[in-house]
Amino acid sequence: MDGEIAWEGKAQPQPIRKRTKRSRTLEARKSFKKHWQLYLVVLPPLLFFLIFKYYPMANAVLAFKDYNVIKGIWGSPWVGMKNFKLFFDNPIFWDLIRNTILLSGYLLLAGFPIPILLALMLNEIRSGRFKRIVQLVTFAPYFISTVVMVSIIMLFLAPRLGFANVALNHLGFDSINFLGEPGMFRSIYVWSDIWQTAGYSAVIYLAALAGIDPTLYEAAKVDGASRFQKIVHVDLPGILPTIVVILILNVGNVMAIGFEKVYLLQNPLNQSTSEIIATYVYSIGLLNANYSFATAVGLFNSVINLVLLLLVNGIAKRLTSNSIW
């Protein structure tokens, strides 16, 4: 009775209604009718990932089978971990792991900071025309195809008529077979890749710099900060979340370095340092038609990448509070 009197003249609490399956369906239909253009835009990339990324995952079972063309993937006999054991017992196993990690690590250490530095320098340029010219010059190489890029490298480093050796000869030095020297392969690959992709990668950081609050620059100017101090105390903290996310993604792809360029630059003279997991999978899986073994190697590579991605993401979340998820 006292409770009923206490609620007199006051708004009664409304019971919480549970969303039924039918109500969720109606809301989804209403949302689709209202924003159907946005759903239509999302559909092509969604189909792309479903068809070319998620559906092929089911065929990874091939790594645990002895593939027979007549019986097919699902009809071939199971062999368990046999293909993985063959790979781990292979004499070149550790050479492949070492070459892949050294090449990817070299590319990460040398190539990751350069787009950041380029973006910071471009952000400090006051002349709009000069800034556009620099962006064009650094961005344009990204649109050169891998085959054309490798052809340029080969012509530039040719033992007799290449520009590099012609310049060395004019300076009194002997010609060098750059692509035939195993010790030079990694540097050729990494620095040509940096030249090709640095401008494109810098665009992401330029977009992040454009999103920094202008009042922070005004406050730094009032405090008498120099340009370098503005970069250290305003620019870098402002793009730190972007840097962390890009770093996590790059580390997650350490074992998945590009196949095409390595394979095209590879020759019998530099194979001791240029043979990586991706090229080995190609030579074993396609050229030798050993599909089960190649799938096992590729699956091992993907698992290592996933572990690295999870590990680096966890470390970044603890240290900087920025992560992919």
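Residues numbered from 1 in each chain as written. Predicted model: local features only at pLDDT ≥ 70, side-chain atom pairs only at ≥ 80, totals over all residues. Heavy atoms only, no water.

Enquirer: Please give an account of the overall build of the chain that cites residues and values.
Expert: The helix and strand tally for the chain stands at 17 helices and 0 strands. Since a compact globule built from 325 residues should have a radius of gyration of about 20 Å, the 28 Å found for the chain marks it as more spread out than a globular shape. Judged by the C-alpha coordinates and their principal axes, the chain covers about 105 × 70 × 40 Å. The buried share among the 325 residues of the chain stands at 31%. Put simply, 64% of the contacts in the chain that link residues at least 6 apart link residues at least 24 apart. Of the roughly 21500 Å² that the chain leaves accessible, carbon and sulfur atoms contribute 67%. Each charge class in the chain can be summarised by its mean position, and for the 29 positive and 17 negative side chains these summaries are 9 Å apart. (Helix = DSSP H or I, 4+ residues; strand = E, 2+ residues; numbered from the N terminus. Rg over C-alpha atoms; globule rule 2.2 N^0.38 Å. Buried < 20%, exposed > 50% of the residue type's maximum accessible area, 1.4 Å probe, protein only. Contact = heavy atoms within 4.5 Å. Areas by Shrake-Rupley, 256 points an atom, 1.4 Å probe, with all protein chains shown as cover. Lys, Arg positive; Asp, Glu negative; His and termini not counted. Charge placed at Lys NZ, Arg CZ, Asp CG, Glu CD.)

Enquirer: Mind laying out unusual backbone geometry, listing which residues take part and the relevant values?
Expert: Backbone geometry at Ala289 places phi at a positive 60 degrees, although glycine is not the residue there. Inspection of the secondary structure assignment puts Ala289 in the loop between α16 (277–287) and α17 (291–320).

Enquirer: Describe the packing of helix α13 (residues 227–252) against α17, with residues and values.
Expert: For any two helices packed against each other, one specifies the inter-axial angle together with the distance between the axes. Axis separation between α13 and α17 bottoms out at 8 Å; the angle between their running directions is 155 degrees. The angle between α13 and α17 places the two elements in the roughly antiparallel class. Where α13 crosses over α17, the two elements pack in a sense that is right-handed. Of the residues in α17, those touching α13 at Val244, Ile248, Val251 and Gly252 are Asn305, Leu308, Leu309, Val312, Asn313, Ala316 and Thr320. Tallied by class, residues from the contact of α13 with α17 come to 7 nonpolar, 4 polar and no charged. (Axes fitted to C-alpha atoms, helices over the stretch in contact; angles between N-to-C directions. Parallel < 35°, antiparallel > 145°, perpendicular 65-115°, else oblique. Left-handed = near helix turned anticlockwise from the far one by under 90°. Nonpolar A, V, L, I, M, F, W, Y, C, P; charged D, E, K, R; others polar.)

Enquirer: Got a sec to walk through helix α9 (residues 146–156)? Specific residues and values, please.
Expert: Three or more residues of α9 are buried, namely Met149, Val150 and Ile153. Buried residues of α9, viewed axially, fall in a sector of 95 degrees; they line one side. Residues Val147 and Leu155 are exposed on α9 and point more than 90 degrees away from its buried face. On its buried face, α9 is in contact with α11 (182–210) and α14 (259–265). (Arc of directions from axis to C-beta.)

Enquirer: Break down the packing of aromatic side chains for me, with residues and values.
Expert: Where two aromatic rings form a pair, the distance of their centres and the angle of their planes describe that pair. Evaluation of the coordinates by the stated rule reveals 24 aromatic pairs. For the pair Phe64 and Phe84, a centre-to-centre distance of 5.3 Å together with 40 degrees between the ring planes defines the contact as tilted. With Phe64 in the loop between α3 (36–54) and α4 (72–75) and Phe84 in helix α5 (residues 82–88), this residue pair connects regions lying 20 residues apart in the sequence. Overall, the relative accessible area of 8% leaves Phe84 in the buried class. Measuring from ring centre to ring centre gives 4.9 Å for Phe93 and Trp94, while their planes differ by 75 degrees; the resulting arrangement is edge-to-face. (Phe/Tyr/Trp six-rings, centres within 6.5 Å; stacked < 30°, edge-to-face > 60°.)

Enquirer: So what about the environment of Pro113? Which residues, and what values?
Expert: By secondary structure assignment, the location of Pro113 is in helix α7 (residues 113–124). A residue is classified by how much of its surface remains accessible, and Pro113, at 34% relative accessible area, is partly exposed. Sequence separation of Pro113 and Ala202 is 89 residues, and the distance between their C-alpha atoms is 9.9 Å.

Enquirer: Give a description of the confidence of the model for the chain that names residues and reports values.
Expert: With 94% of its residues at a pLDDT of at least 70, the chain reaches an overall mean of 85. Confidence drops under pLDDT 50 across residues 1–8; counting only partners more than four residues distant or on other chains, this segment forms 2 contacts. (pLDDT = per-residue confidence, 0-100.)

Enquirer: Please give an account of the packing of α7 against α11 that cites residues and values.
Expert: Packing of α7 against α11 brings their axes to within 7 Å, and their N-to-C directions diverge by 55 degrees. With respect to α11, the axis of α7 lies oblique. When the axes of α7 and α11 are compared, the crossing they make is right-handed. Facing Ile114, Pro115, Ile116, Leu118, Ala119, Leu120, Leu122 and Asn123 of α7, the residues of α11 in contact are Trp191, Ile194, Ala198, Gly199, Ser201, Ala202, Tyr205, Leu206 and Leu209. When the residues that make up the contact of α7 with α11 are grouped by side-chain class, the tally is 14 nonpolar, 3 polar and no charged.

Enquirer: Report on the nonpolar core, specifying residues and quantitative values.
Expert: Core analysis: the largest hydrophobic core is formed by 20 residues, its most contacted members being Leu103, Tyr189, Val190 and Leu265. Those elements that provide at least two residues to this core are α6 (93–111), α9, α11 and α14. Broken down by element, the residue count for this core peaks at 6 residues, all from α11. Contact partners of Leu265, with chain neighbours within four places excluded, come to Val150, Ile153, Leu179, Phe185, Tyr189 and Asn270. Residues Phe112, Ile116, Ala202 and Val234 belong to the second largest nonpolar core, which totals 19 residues. (Core = buried A, V, L, I, M, F, W, Y, C linked by side-chain atoms within 4.5 Å.)

Enquirer: Lay out α11 in plain terms, naming residues and giving numbers.
Expert: Over its 29 residues, α11 runs 43 Å from end to end, which matches the ideal 42 Å to within 8%, given 1.5 Å per residue. The largest bend along α11 measures about 45 degrees and falls at Thr197. (Expected span 1.5 Å × (residues − 1). Bend = angle between axes of the 7 residues up to and from the residue.)

Enquirer: Tell me about the side chain of Asn305, residues and numbers included.
Expert: Along the polypeptide, Asn305 turns up in helix α17. Excluding anything up to four places from it in sequence, Asn305 contacts Gly252, Asn253, Val254, Met255 and Ala256.

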